[in-house]
Amino acid sequence: MTLADAVRTEVERYADRNPSSAERHERAAKSMPGGNTRSILHFEPFPLAFERGEDAWLWSLDGDRYADFLGEYTAGLYGHSQAVILDAVRDALGRGLSFGSVNDLEPRLAELVCGRFPGIDLVRFTNSGTEANLMALALAVATTGRRRILVFRGGYHGGVLTFGDGPSPVTVPHEWVLADYDDVDGTRALIREHATQLAAVLIEPMLGSGGCVPASDELLAMLREETTACGALLVFDEVMTSRLAPGGLQSVVGVRPDLTTLGKYLGGGLSFGAFGGRADLMAAYDPSRPGALFHAGTFNNNVLTMSAGIAGLEQVLTDDVLDAVNERGDRLRAALDAVAAPAGLHVSGRGSLMTIHPAPHPIIASKPLSDDQVAVKELVFFGLVNRGFWLARRGMITVSIPTTDAMCDGLVAAFDDVVATYF
Ligand code: PMP
C-alpha cells in the first residue's frame, strides 16, 4: 500500500466514525469562517468535536471515548474533573462574579507564582499566554528604549507572535530579528550585530508547538551572557515549559531570565496568562509611580481563574505530583521512541511534553517537510485518533496528572499497530 493509500484509508475511517462531528462542522461554517474560532483546531475533512471530559478521558459527539493525550495543549495538566479545582470554582461561583475591583484572590495566586519560579519577583496576570508575551515585550521596549526583539524560527509565543521562517502575517509589528534555535554561534553573532538596538531576546527554553525540541545548554548560557553584555532583556516563554519542573525549566537549566511568561495549567484549566520578573523591571507597571506603564484587562483578576489557580497550586500540584507526571512522560517518550526508531521516526521532548516526528530526528516546525513526511504525520495522527487516542495533529502528546500507566501502554500499543500496519 502506498503512503497516500494508507492516509486515505485512515481518513475515510475517521469520516465514517464521526458523522456527528461532520454535521456540527457544516453547521458551524454558517456562522464562523471555516466553522472555526481557533485555527489550530481545524483539520480536513472536519475536526473531531467532544461533548464531555472526565479525568484524562474525552467523549466525542458520536459517543466514542478517547484517551486525552493532548491535554488542551498543556493547559489541561489537572485533567477535566479534578475535584478540588471544581469545588474551588463552584465555591467562587457561589460568591458572585466580576466585582469590578481588586479581590483577595489575586495576591494569593501572585504569592504562589512568585514563590515558585526563581526568575519572578513580581508578577501580573493576563487572560492568555499571548497577552503575557505582548506585555513582557512592551516592558522590554519601554525600559530599554530599543525596538528590536530577537526570536527563533519555529518559535510560538501566541497567535500574534508566531514565527515560521519569519513572522506570520498576523504577528505584531515589532522589529524582529530571526535566529536559528540550533545555531549558537550564529545567534551570538546576531545579538552582537544588533547589540545597541536590541530590547529583548524571547525564547522558549524548549520549543513547544515548534516540535518539543529542547534548547541546548550552550544556547541558553550564551543568551544569558550576551544579553547581559549588551543590555537587552532575556525573556523566557515558559507558558508550556513551566510544568516540566516545580520551578519551571529555568530552575533545571540554571539560567535566570530577566522576565518570564506563563499561562496554561497555572490557571487551573481556565483562561490564564502571567508575566513577571525582576522587581526593578516589573516596577514599571506599578500604577502608583509617575509615568507607570498601563496594563489593562477586564478579566485579569477574574475570580474563577484565580480560585482555580490557587486550588491547583496549593492543594493538587505538589512537587511529588509534578515530578511523577514528568517521570511518566519520560517513560512514555522512551517507549514510543522504541517503536518509532525502527520505522525511521523519532519522538522528541522532555518530561510530560513530546512530539512524534516523521523523520529519525526532530524537525523544528519552521523547516519544510517533504510530501512523504506530511503524509506520515497525517497517518500517525488519524491512525491514533481512530484507535481511540486524542493528540495534536502535529504529533504533540502530553501527559496529564490523571493519565495512567495503562493509558500510556495503550497509546504505545496503538502506535505500534499503526507502525506495523503501514510502515
Ligand atoms: N507561548 C507558548 C510557548 C505557547 O505554547 C502558547 C500556546 N500554545 C502561547 C505562548 C500562547 O498562549 P495562549 O494560547 O494562552 O495565548
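Here the structure is a predicted model, which means the values were calculated and not measured.

**Student:** When you look at the overall build of the chain in this model, what are you seeing that I'm missing?
**Tutor:** What the chain contains, in helices and strands, is 13 helices and 16 strands. A compact globule built from 423 residues would reach a C-alpha radius of gyration of about 22 Å, and the chain, at 22 Å, matches this within 12%. When the backbone C-alpha atoms are referred to their principal axes, the chain occupies close to 65 × 55 × 45 Å. Counting the 423 residues in the chain, one finds 54% classified as buried. The contacts of the chain with a sequence gap of at least 6 include a subset with a gap of at least 24, amounting to 71%.

**Student:** Mind showing me how you'd approach the pattern of salt bridges here?
**Tutor:** Side chains that carry opposite charge are capable of pairing whenever their charged atoms lie near each other. Per the counting criterion, the structure on display carries 23 salt bridges. The partner of Glu-314 in a salt bridge is Arg-108, with the nearest N and O atoms 3.5 Å apart. Of this pair, Glu-314 sits in helix α10 (residues 303-316) while Arg-108 sits in helix α4 (residues 106-116), and the two are 206 residues apart along the sequence. Notably, a salt bridge pairs Arg-331 with Asp-405, separated by 3.4 Å at the nearest N-O pair. In this pair, Arg-331 sits in helix α11 (residues 319-340) while Asp-405 sits in helix α13 (residues 405-422), placing the two residues 74 residues apart along the sequence. Take Arg-331: its relative accessible area is 46%, and that puts it in the partly exposed class. A relative accessible area of 37% means that Asp-405 is categorised as partly exposed. Several salt bridges converge on common partners, so that one network encompasses Glu-10, Arg-13, Arg-387 and Asp-417.

**Student:** When you look at the site of the ligand in this model, what are you seeing that I'm missing?
**Tutor:** As a structural note, the neighbourhood of the ligand is formed by Ser-128, Gly-129, Thr-130, Asn-133, Tyr-156, His-157, Gly-158, Glu-204, Asp-237, Val-239, Met-240 and Lys-264. Residue Gly-129 places a main-chain N or O atom 2.9 Å away from an oxygen atom belonging to the ligand. Take Asp-237: an N or O atom from its side chain is 2.7 Å from a nitrogen atom of the ligand. Taken by itself the ligand offers 390 Å² of open surface, and the protein chains cover 85% of this. The dominant element in the shell around the ligand, judged by the number of residues it contributes, is helix α5 (residues 129-144), at three residues.

**Student:** It is not clear to me how the sheet that holds strand β4 (residues 122-126) should be interpreted in this structure. Could you clarify?
**Tutor:** In spatial order, the strands read β4-β12-β11-β10-β7-β5-β6; together these seven strands make up an open sheet with mixed pairing. The open sheet has two edge strands, β4 and β6 (175-179), and neither has a second partner. Sheet twist, expressed as the mean angle between neighbouring strand axes with direction ignored, is 20°. Sheet analysis places strand β7 (residues 198-203) next to strand β10 (residues 233-237), joined by four bridges and oriented parallel. Residue pairing for β10: Val-201 is matched across the bridge by Leu-234.

**Student:** Hey, could you run me through unusual backbone geometry in this one?
**Tutor:** Excluding glycine, most residues fall at negative phi; most peptide bonds, likewise, are trans. In this chain, Glu-44 is followed by Pro-45 through a cis amide linkage whose omega measures 5°. Structurally, Pro-45 is set in the loop between α2 (19-28) and β1 (50-54). Non-glycine residue Ser-98 carries a positive phi angle of around 50°. Locating Ser-98 in the fold gives a position in the loop between α3 (83-94) and α4. Judged by relative accessible area, which is 57%, Ser-98 ranks as exposed. Positive phi is not limited to glycine here, since Lys-264 has a value of about 55°.

**Student:** Just checking my understanding: could you explain the environment of Ile-40 for this structure?
**Tutor:** In this structure, Ile-40 sits in the loop between α2 and β1. Placed 146 residues apart in sequence, Ile-40 and Gly-186 show a C-alpha to C-alpha distance of 31 Å. Each residue touching Ile-40, except ones within four places of it in the same chain, is listed here: Tyr-73 and Arg-394.

**Student:** How should helix α7 (residues 217-230) be read in this particular structure?
**Tutor:** Spacing of three or four residues puts side chains on the same side of an α-helix, whose turn is 3.6 residues. In this model α7 runs 20 Å from its N-terminal to its C-terminal C-alpha over 14 residues, within 8% of the 20 Å that 1.5 Å per residue would give. Buried residues in α7 make contact with β5 (148-152), α6 (184-193), β7, β10 and α8 (248-253). A positive backbone phi angle near 80° is found at Gly-231, which sits one or two residues after α7.

**Student:** Explanation requested: the domain arrangement of the chain in the structure shown.
**Tutor:** Frequently, the measure chosen for interface size is the accessible area that the parts lose on association. With domains assigned, the chain is organised as domain 1 (83-316) and domain 2 (319-401 + 418-423). In this structure, domain 1 and domain 2 have C-alpha centres spaced 26 Å apart. Taken together, the 24 residues of domain 1 in the interface contact 27 residues of domain 2. Area buried by domain 1 at its contact with domain 2 is led by Cys-212, Arg-243 and Leu-244, which between them contribute 31% of it.

**Student:** Looking at this model, I keep getting lost on the sheet that holds strand β2 (residues 57-60). Mind explaining?
**Tutor:** Paired through their backbone hydrogen bonds, the strands of a sheet run either parallel or antiparallel. One open sheet holds the four strands; their spatial order is β1-β2-β3-β15, and the pairing between them is mixed. On the outer flanks of this sheet lie β1 and β15 (389-390), each paired with one strand and no other. The pairing of β2 with strand β3 (residues 65-68) spans three bridges and is antiparallel. Residue pairing across strands places Trp-59 opposite Arg-65, the latter belonging to β3.

**Student:** For this particular structure, what's the right way to read the nonpolar core?
**Tutor:** Soluble globular proteins tend to bury their nonpolar side chains together. Of all hydrophobic cores here, the largest spans 82 residues; its most connected members are Leu-332, Leu-384 and Phe-415. Top element by residues in this core is α13. It accounts for nine residues. Beyond its immediate stretch of four places on either side in the chain, Leu-332 contacts Phe-69, Met-354, Ile-397, Val-399, Cys-408, Leu-411 and Val-412.

**Student:** I'm lost on the packing of aromatic side chains in this one. Help?
**Tutor:** Think of a pair of aromatic rings as described by two things: how far the centres are apart, and how the planes are tilted against each other in angle. This structure, assessed with the given rule, holds 15 aromatic pairs. Where Phe-50 meets Trp-390, the ring centres are 5.1 Å apart and the plane angle is 70°; that geometry is what we call edge-to-face. On the criterion of sequence distance, the pair formed by Phe-50 in strand β1 and Trp-390 in strand β15 is long-range, its members being 340 residues apart. Residue classification places Phe-50 among the partly exposed residues on the basis of a relative accessible area of 25%. Ring geometry for Phe-152 versus Tyr-181: centroids 5.6 Å apart, planes at 90°, classification edge-to-face. A residue pair is termed long-range when its members are at least 10 positions apart, and Phe-152 in strand β5 and Tyr-181 in the loop between β6 and α6 qualify at 29 residues. The class of Phe-152 is buried, set by a relative accessible area of 2%. Connected via pairs of aromatic rings, a cluster forms that spans Tyr-14, Phe-43, Phe-46, Phe-50, Tyr-66, Phe-381, Phe-382 and Trp-390. Looking at Arg-52, its charged tip hangs above the ring of Trp-59, at a distance of 4.0 Å from the centre.

Calculation criteria
Positions within a chain are numbered from 1, following the residues in the order the chain's sequence is written. With the structure being a predicted model, the display of local features is reserved for residues of pLDDT at least 70 and the display and counting of side-chain atom pairs for 80 or more, all residues being used for whole-chain, interface and lining totals. Where side-chain values are given, they derive from all heavy atoms of the structure, hydrogens and water being excluded. Helical segments are the DSSP runs of H or I of at least four residues, strand segments are the runs of E of at least two, and each set is numbered from the N terminus. Within these notes, the globule rule equals 2.2 Å times the number of residues to the 0.38 power, and the radius of gyration is based on C-alpha atoms. Note on exposure labels: buried denotes an accessible area under 20% of the residue type's maximum, exposed denotes more than 50%, and partly exposed covers the range between, all computed with a 1.4 Å probe on protein chains only. The criterion used for residue contact is that any of the two residues' heavy atoms lie within 4.5 Å. What makes a salt bridge here is a side-chain nitrogen of Lys or Arg within 4 Å of a carboxyl oxygen of Asp or Glu, nothing more. In this text, near means that some heavy atom of the residue lies within 4 Å of the molecule or strand in question. Under this definition, polar contacts are N or O atom pairs within 3.5 Å; protein pairs additionally need one hydrogen-donor-capable and one acceptor-capable atom, and for neighbouring residues in sequence, both atoms have to be side-chain atoms. Throughout, the Shrake-Rupley method with a 1.4 Å probe supplies accessible areas, and for residues the shown protein chains are the sole cover considered. Whether two strands pair comes down to DSSP finding at least two bridges between them. Lines fitted to C-alpha atoms define the axes, with helix axes restricted to the stretch in contact, and inter-axis angles between N-to-C directions lie between 0 and 180 degrees. Each residue after the first adds 1.5 Å to the expected span of a helix. How far each domain reaches was decided by an automatic or database domain assignment. Here the quantity called buried area is the accessible surface, traced with a 1.4 Å probe, that two parts lose on coming together, added over both. Put simply, a nonpolar core is a bunch of buried Ala, Val, Leu, Ile, Met, Phe, Trp, Tyr and Cys residues held in one set by side-chain atoms that sit within 4.5 Å of each other. Two aromatic rings from Phe, Tyr or Trp, using only the six-membered ring of Trp, form a pair when their centres are within 6.5 Å; if the ring planes differ by under 30 degrees the pair is stacked, by over 60 it is edge-to-face, and anything between is tilted. In this scheme, Lys NZ or Arg CZ marks a charge over a ring once it lies within 6 Å of the ring centre and within 35 degrees of the ring normal.

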